[in-house]
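One letter stands for each residue in the lines below.
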Amino acid sequence: MRIVPVPVLLDNYAYLVIAESGAAAVVDPSEAAPVLRAVEREGATLAAIWNTHHHWDHVGGNRDLLIAHPDLRVVGYAGDRARIPGITDPVEDGAQFDFGGGMVRVIFVPAHTSGHVAYHLPLQNAVFTGDTLFAGGCGRLFEGDARMMSDSLGRLTALSADTRVFCGHEYTEKNLRFALTLEPSNAELAAKYRRVEAQVGRGEPTVPTTIAEELATNPFLRPSSEELRRVVLAKFPDCPDDPIAVFAKTRELKDSF
Ligand SMILES: [Zn+2]
């Protein structure tokens, strides 16, 4: 099984998951043309779409891909079947399905949208997190609150530390620049920022990251950081000193960063 990032739109990632047989699934095709070109370049055969959530920059290519390949299976969250174009395989939290001889497990991670899911491939040690967990950040809270997002992120960080995280956008550099304003003394964060700056300079993707790297550098996963807590509470003297309140304020700061 191979995983190939496909840059789409300005800063989105679709991903091809290509089985030994050549069958490919595409995660979050915002547009069809670059996906079809990548499928051809890789010598694969498109068999399925896995959508993490309903936003147009994740499902925008569904219809055109279905015109090119009418037999595609389209997997998405059952509760969002009205918002996922062409859905054929509605799934719930904990659903498992086979792809190319490997197992795919659905993890319900709402808050960015109320029907957001992640796709976990335990054998490949990989998870597709859409707009819930980013390298160095998390999605905006469009259809959920801080507690819901914090719980959803907790379900992802419960995966093994070496799980590779494939997220929906190339936001890493800006996310880490924000993170450094909250944890200027986090050496691992500073080192990752330098690494990411170099990758971006070379025009390389900064994905995948790993759960371990995120736990060490992502401000939305660091309620244990004294420095982060101190910096956030200094900006919001009325904020209660509890992890969810600090998380909410961190999200608020990031929204306007
Ligand atoms: Zn989104």
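Residues numbered from 1 in each chain as written. Predicted model: local features only at pLDDT ≥ 70, side-chain atom pairs only at ≥ 80, totals over all residues. Heavy atoms only, no water.

Checked against the element boundaries, Thr209 lands in strand β14 (residues 209–210). Among the polar contacts made by the side chain of Thr209, one reaches the side chain of Lys192 at a distance of 3.0 Å. At 2.6 Å, the side chain of Thr209 forms a polar contact with the side chain of Glu214. Here Thr209 is in contact with Ala135, Thr163, Arg164, Val165, Lys192 and Glu214, once residues within four sequence places are set aside. (Helix = DSSP H or I, 4+ residues; strand = E, 2+ residues; numbered from the N terminus. Polar contact = N/O pair within 3.5 Å; in protein donor to acceptor, adjacent residues only side chain to side chain. Contact = heavy atoms within 4.5 Å.)

Around a metal, the perfect tetrahedron of four donors has angles of 109.5 degrees, and the perfect octahedron of six donors has angles of 90 or 180 degrees. In the first shell of the zinc ion, the protein supplies His53 (NE2), His55 (ND1), His112 (NE2) and Asp131 (OD), at 2.2 to 2.3 Å from the metal. Here the zinc ion binds four donor atoms, and the angle range of 89 to 170 degrees at the metal identifies the geometry as irregular. Each donor residue of the zinc ion lies on one chain, and together they are spaced H-x1-H-x56-H-x18-D. Across this residue pair, the class does not change: His53 and His55 are buried. (Donors = N, O, S within 2.8 Å, 3.2 Å for Na, K, Ca; no water. Tetrahedral: all angles 85-135°; square planar, octahedral: opposite > 155°, others 65-115°. Buried < 20%, exposed > 50% of the residue type's maximum accessible area, 1.4 Å probe, protein only.)

A word on the pairing of strand β5 (residues 73–77). Taking burial as the measure, the five residues of β5 include four buried ones, the bulk of the element. Sheet topology note: the strand β4 (residues 45–50)/β5 ladder contains three bridges and is parallel. Note that in β5 the partner of Trp50 across the bridge is Val75. Examined bridge by bridge, β5 and strand β6 (residues 89–91) share three bridges and lie parallel to one another. Counterpart to Tyr77 in the pairing with β6 is Val91. (Pairing = 2+ DSSP bridges.)

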